[in-house]
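# Structure at a glance
As a plain string of letters, each chain reads:
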Amino acid sequence: MRISLKRKLSAFLAFTIILSALFTCSLSANAAEEAALDSAAKVTLQVLAGSRGEVNPIIVVPGIGMSDVALFDDEGNEIENEGTFKNRWRVLNLCTDEILGDIWKLVPKLLLSIALQRDIGLSDIVRDYMPGMFKYTSHDLQGKSIENVKAIDRNYPLSMYDEDARANFFNMMPMQNYINLIGEDKIYCFNFPPFCNTYDQAARLNDFIQTVKQQTGCDKVNLVPLSLGATVTNAYFDEYADNHDVKKVVRIVGASDGSLVFADLVSQNYASNSAELFYKDMWPQLIDGYTGYLVNIACRILPKKVFNNILDAAFEVIRNDFFVNTPSMWSIVPAERYEELADIYLADADHAYLRTLTDKYYAYQSNLKANVGALVADGVDIYNICGYGFNIGHGWSDYQYFQFFACAENVNTDGVIQVASTGMGTYSCAPGEQFPGDYVQQNTVCKVPGHNHISPDRMIDASTSYLPERTWYFSGQHHESAYNDVIVSLACLLMSTDTINDVHTDPRFPQFNGSRNVKRIIRDYLPKAEEALLRTDLADDVRAQLQSAVDEAKAMLANTVADDAQCDAVEAALFDALVAAGVYQAPAKPSLFNTILEKSFKFTSDKLWEQYGPRGFSEIL
């Protein structure tokens, strides 16, 4: 039976976005922030750190979008490729020359499809050209990159990075304060391709650890898996735990048990309101002003049957040419969904070897509780930092497309990964809901009398986490957590000191915290405000306003209990003071013309949906 348009409308669109955004860097910043770090935050971190002894080298194990990759020849030399990025890239490197060269053949098919309201070769275009466009993500039946795409090795510490590589590292991991606690000679980053054989990368990580130990003279290392990096870390411990080379693991929004959003994508398990999202709600979320509503209306230029054909073709290519042969994609399928999907796509004889690889990872993943317990018993200190409070696709504009999946309806996440994965077994209710008044924590792991592991908002029960005493939760925190400076400080202290052993050690870092986004404050407003205070032409009242805003910002940054509303107020006060000082101009009001257009197109878009639902214009008339 054919799957309805309601369940498929966004498959191709969502897939292209999921590749570029899913499990992207949990800690990311731009280079300007490095110079703009506030002195108050630095001092606070140093005080919190206290004294420390010898520090193990740390190895960041990044997620999708953090590692440079390139095309290599058979001799191991980096070579130019045919994609959009001719040398190195991070996630997708689309090959568009063929389709652009044939555009003169394709435009008539599009125009005829619109004119005749039938699929005049549009789905054939997808089947013919899409595999070639994504060829640098393709893998063979051994789970190997067909085009020989590999990560750029940096088998040396941050102190030896060139200027560009150093900037990229801090874009990924804004741990400038941490530099002072450990030294650049003990900070490393293990690069790996986002589309890869997970166990091959685990073997590379083991070799990398041996190199780091040799270079630093240390017996053990600390691992910092970010997002997708948690899957490589799982595979590493599956194979090499007996080496006893790791002392600490600090997982930051780690995909310890994958993400439901990807399982839903592969199984075509779309939200009940996916059609409404496509025709009414999604585009205005992504495109400001009247244009988003205009796109809503324009989507009706083709009938739903044509969309069905196109999406069928796209999904066929996605499944056969990308997902099935890529072990790293299987590693982000949650254990609860693996067998169902593997029995569909890996049951034939051709995929027998791949099935052994994916089954191996599943065996470790499905027994994660016992495996984590064994590591802890063996002396490995493991910590989790995670966000919660969002439905899938909410909280960050890059992830709005994920709302199309069924898991977006009632699963508590950081917008990308469910808290049951990042929090290793953490039980939660749906975002916006609370446990009933008579709810008592389950204590399936923590059974210590007097330990309260229910969050103040009654949304999280951490007593079910595999590590209830070593897992921190940030309410209202999306997957991109770089700009919550409290998370960065906590991660740095866990990595580099022994001052925090568990959630009870330091009340300045409670188990349940809030969220805040200090990006503009740290990168732009605070440096500009301090610079403006050096001017001699400021009126007394403007100077007082500016100084007050600066003082409030520094006081907030020195406080490790995050409050989103407070952060917003501080940001607004700084901006208003900078406007008064002439550094910025107050934002202009939208023109009357644009306002009228926006209201008109919104009214039309809403009425079309209300009256006709997911239909094209030809189906309405």
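Quantities reported herein were computed from a predicted structural model and do not represent experimental measurements.

### A word on helix α25 (residues 592–612)
With 21 residues, α25 ought to run about 30 Å at 1.5 Å a step, and its terminal C-alpha atoms sit 30 Å apart, in line with that. Those residues of α25 not exposed but buried are L597, S605, L608 and W609. For α25, the buried positions fall inside an angular range of 95° around the axis, keeping them on one side. Relative to its buried face, α25 has exposed residues pointing more than 90 degrees away, namely L592, K599, F603, E610 and Q611. Here the buried face of α25 lies against α13 (274–286), α14 (290–298) and α26 (617–620). Two residues or fewer past α25, G613 is found with a positive phi of approximately 60°.

### Describing the packing of aromatic side chains
Within the structure shown, the criterion is met by 27 aromatic pairs. Each ring, one from F190 and one from F208, has its centre 5.6 Å from the other, and the planes form 65°; the classification is edge-to-face. Residue F190 is located in the loop between β6 (187–189) and α10 (198–216), and its partner F208 is located in helix α10; the two are separated by 18 residues in the primary sequence. Judged by its relative accessible area of 4%, F208 is buried. Aromatic pair Y427 and F435: ring centres 5.7 Å apart, planes at 10°, arrangement stacked. Residue class for Y427 comes out partly exposed when judged on its relative accessible area of 38%. You can call F435 buried: its relative accessible area is 5%. The rings of F262, F323, W330, Y338 and Y362 are connected pair by pair, giving a single aromatic cluster. Above the plane of the ring of Y161 lies R154, whose end atom (NZ or CZ) is 5.7 Å from the centre.

### Points about empty space enclosed by the protein
All told, the structure shown has seven cavities of 30 Å³ or more when counted by the stated rule. In this structure, the second largest cavity spans a volume of roughly 80 Å³. As for the second largest cavity, its lining consists of M66, S67, D68, R90, R154, Y161, A165, N168, F169, M172, C189 and N191. It is helix α8 (residues 163–172) that contributes the most residues to the lining of the second largest cavity, four residues altogether.

### What about the pattern of salt bridges?
Applying the stated rule across the entire model yields 29 salt bridges. R90 is the salt-bridge partner of D68, the closest N and O atoms lying 2.6 Å from each other. On the criterion of sequence distance, the pair formed by D68 in the loop between β1 (58–61) and β2 (69–72) and R90 in the loop between β4 (88–89) and α5 (97–101) is long-range, its members being 22 residues apart. With a closest N to O distance of 3.5 Å, E340 and R337 form a salt bridge. Taken together, the residues span about one helical turn, with E340 and R337 both in helix α17 (residues 335–345) at a distance of three residues. On the basis of relative accessibility, which here comes to 12%, the residue R337 falls in the buried class.

### Concerning the sheet that holds strand β8 (residues 246–252)
Taken in spatial order, the seven strands make up an open sheet running β6-β1-β7-β8-β9-β12-β13, and their pairing is parallel. Edge strands, defined here as strands with exactly one partner in the open sheet, are β6 and β13 (512–513). In the sheet, β1 pairs with strand β7 (residues 221–225) via four bridges, with the strands oriented parallel. When the sheet's bridge partners are listed, I58 is paired in β7 with N222. The strands touched by α8 are β1 and β6; relative to β6, the strand with the most contacts, the crossing angle is about 85°.

### Re the side chain of T560
Within the secondary structure, T560 sits in the loop between α23 (540–557) and α24 (564–580). Here the side chain of T560 touches R508 through a polar contact of 2.5 Å, landing on its backbone oxygen.

### Regarding unusual backbone geometry
The phi torsion at H244 lies on the positive side, around 55°, for a residue other than glycine. Here H244 is to be found in the loop between α11 (229–240) and β8. In this structure H244 comes out as partly exposed when scored by relative accessible area, which is 38%.

### Let's talk about the nonpolar core
Among the nonpolar cores identified, the biggest contains 96 residues, and I59, L223, Y236, V246, F262, F323 and W330 are the most heavily contacted of them. When residues of this core are assigned to their parent elements, the largest contribution, ten residues, is made by helix α15 (residues 304–323). Contacts of W330, omitting those with residues within four sequence positions, involve F323, V324, Y338, L341, A342, Y345, L346 and T358. One finds V60, Y161, Y178 and L490 within the second-largest nonpolar core, a separate group that totals 40 residues.

### Describing the layout of surface pockets
Empty space within the second largest pocket amounts to approximately 360 Å³. Lining of the second largest pocket is provided by 22 residues; of these, D257, E336, A420, S421 and G425 occupy positions nearest its centre. Where the lining of the second largest pocket is concerned, the elements lending two or more residues are α17, α18 (352–366), α19 (368–377), α20 (419–422) and β10 (427–428). Of the residues forming the lining of the second largest pocket, the biggest block, three residues, is contributed by α20.

### Brief notes about the packing of α13 against α25
Two elements in contact, α13 and α25, have axes separated by 9 Å at closest approach and are oriented at 150°. Between α13 and α25, the interaxial angle falls into the category roughly antiparallel. For the pair α13 and α25, the contacting residues are A275, E276, Y279 and K280 in the first and S605, D606 and W609 in the second.

### A closer look at the packing of α13 against α14
Two numbers describe how α13 lies on α14: the axes approach to 8 Å, and their chain directions differ by 155°. Judged on the interaxial angle alone, α14 and α13 are roughly antiparallel. In this structure, α13 crosses over α14, and the sense of that crossing is right-handed. The residues of α14 that touch α13, namely those facing F278, Y279, K280, W283 and P284, are G292, Y293, V295 and N296. In terms of residue class, the contact of α13 with α14 is built from six nonpolar, two polar and one charged.

### Some details on the pairing of β7
Counting buried positions along β7 yields five of five residues, so the element is predominantly enclosed. Residues V221, L223 and P225 of β7 are buried on one face, and the alternating residues N222 and V224, pointing to the opposite face, are buried as well. Both β7 and β8 contribute to a ladder of three bridges, which runs parallel. When the sheet's bridge partners are listed, N222 is paired in β8 with K248. In this fold, β7 hands off to α11, which returns the chain to β8; that crossover is right-handed.

### Some words on the environment of E147
Mapped onto the elements of the fold, E147 is located in the loop between α7 (122–133) and β5 (149–151). Along the sequence, E147 and E75 sit 72 residues apart, while their C-alpha atoms lie 13 Å from each other. Apart from residues no more than four positions distant in its own chain, E147 is found in contact with L71, F72, K135 and Y136.

Calculation criteria
- Residues numbered from 1 in each chain as written.
- Predicted model: local features only at pLDDT ≥ 70, side-chain atom pairs only at ≥ 80, totals over all residues.
- Heavy atoms only, no water.
- Helix = DSSP H or I, 4+ residues; strand = E, 2+ residues; numbered from the N terminus.
- Expected span 1.5 Å × (residues − 1).
- Buried < 20%, exposed > 50% of the residue type's maximum accessible area, 1.4 Å probe, protein only.
- Arc of directions from axis to C-beta.
- Contact = heavy atoms within 4.5 Å.
- Phe/Tyr/Trp six-rings, centres within 6.5 Å; stacked < 30°, edge-to-face > 60°.
- Lys NZ or Arg CZ within 6 Å of the ring centre and 35° of its normal.
- 1 Å grid on protein atoms, 1.4 Å probe; cavity = no way out; pocket = protein on both sides within 12 Å on 5 of 7 lines; lining within 4 Å.
- Points joined across faces, edges and corners; volume = space filled by probe spheres on them.
- Salt bridge = Lys/Arg side-chain N within 4 Å of Asp/Glu carboxyl O.
- Pairing = 2+ DSSP bridges.
- Axes fitted to C-alpha atoms, helices over the stretch in contact; angles between N-to-C directions.
- Polar contact = N/O pair within 3.5 Å; in protein donor to acceptor, adjacent residues only side chain to side chain.
- Core = buried A, V, L, I, M, F, W, Y, C linked by side-chain atoms within 4.5 Å.
- Parallel < 35°, antiparallel > 145°, perpendicular 65-115°, else oblique.
- Left-handed = near helix turned anticlockwise from the far one by under 90°.
- Nonpolar A, V, L, I, M, F, W, Y, C, P; charged D, E, K, R; others polar.
- Right-handed = clockwise from strand over helix to strand, strands pointing away.

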